[in-house]
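As a plain string of letters, each chain reads:
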Amino acid sequence: MHEISIAGAIVDAVLDAAKKNNAKKVNEVFIEIGELTALNPEQLRFIFKAITAGTPAEGARYDIQVITPLINCKKCLYNGPIEFFEKLHFFLPVIKCPRCGENDVDIIAGRECCVKKIKIL
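These figures come from a predicted structure and were not determined experimentally.

Helix and strand counts for the protein chain come out as two helices and eight strands. Along the chain direction, N to C, the helices and strands of the protein chain fall in the order α-β-α-β-β-β-β-β-β-β. Computed over its C-alpha atoms, the radius of gyration of the protein chain comes to 18 Å, more than 25% above the 14 Å expected for a compact globule of 121 residues. Considered along the principal axes of its C-alpha atoms, the protein chain spans approximately 55 × 30 × 20 Å. Sorting the 121 residues of the protein chain into buried and exposed places 30% on the buried side. Taking as baseline every contact in the protein chain between residues at least 6 positions apart, the subset at least 24 positions apart corresponds to 72%. Accessible surface, the protein chain: about 7700 Å² in total, of which carbon and sulfur atoms supply 54%. Across the protein chain, the 16 positively charged side chains and the 15 negatively charged ones have centroids separated by 5 Å.

With that settled, the discussion passes to the pattern of salt bridges. Here the structure, examined in full by the defined rule, presents six salt bridges. Across the salt bridge formed by Asp16 and Lys20, the nearest N and O atoms sit 3.2 Å from each other. On the criterion of helical spacing, the pair formed by Asp16 and Lys20 is a turn pair, its members being four residues apart in helix α1 (residues 3-20). A salt bridge links Asp104 to Lys74, with the nearest nitrogen and oxygen atoms 3.6 Å apart.

Here we come to the packing of aromatic side chains. Aromatic ring pairs are described here by two measures, namely the spacing of the ring centres and the angle between the planes. In the structure shown here, the tally under the stated rule is one aromatic pair. With 4.2 Å between their ring centres and 20° between their planes, Phe48 and Tyr62 make a pair best called stacked. Of this pair, Phe48 sits in helix α2 (residues 41-51) while Tyr62 sits in strand β2 (residues 61-67), and the two are 14 residues apart along the sequence. Given the relative accessible area of 9%, Tyr62 is considered buried.

Rules used throughout
- Residues numbered from 1 in each chain as written.
- Predicted model: local features only at pLDDT ≥ 70, side-chain atom pairs only at ≥ 80, totals over all residues.
- Heavy atoms only, no water.
- Helix = DSSP H or I, 4+ residues; strand = E, 2+ residues; numbered from the N terminus.
- Rg over C-alpha atoms; globule rule 2.2 N^0.38 Å.
- Buried < 20%, exposed > 50% of the residue type's maximum accessible area, 1.4 Å probe, protein only.
- Contact = heavy atoms within 4.5 Å.
- Areas by Shrake-Rupley, 256 points an atom, 1.4 Å probe, with all protein chains shown as cover.
- Lys, Arg positive; Asp, Glu negative; His and termini not counted.
- Charge placed at Lys NZ, Arg CZ, Asp CG, Glu CD.
- Salt bridge = Lys/Arg side-chain N within 4 Å of Asp/Glu carboxyl O.
- Phe/Tyr/Trp six-rings, centres within 6.5 Å; stacked < 30°, edge-to-face > 60°.

Here is the structure:
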């Protein structure tokens, strides 16, 4: 469950930004996470609620946007989404070109994990 350490780092960044801007309250946090990070948005929200108790971020709304993985194939120049396959009730990514099957691809989206915006008072 790597969500705990990631959530802690996000909350630290949010609280640091709030402090630097003399905020009394964090109202909303906008986050982007790529599907390839394997972070679960619901688990993140649960952890945020638990670790922000007693801080200016307590009760803040977390708007989490999940970013679809996109690749660029170096062989056929395909630019688009990857495919997933299901195994044991999980959807796992296939990091290869769905058009030509080439593995030599650049991942251009889907690995993000960043705070995009914070609304404070």
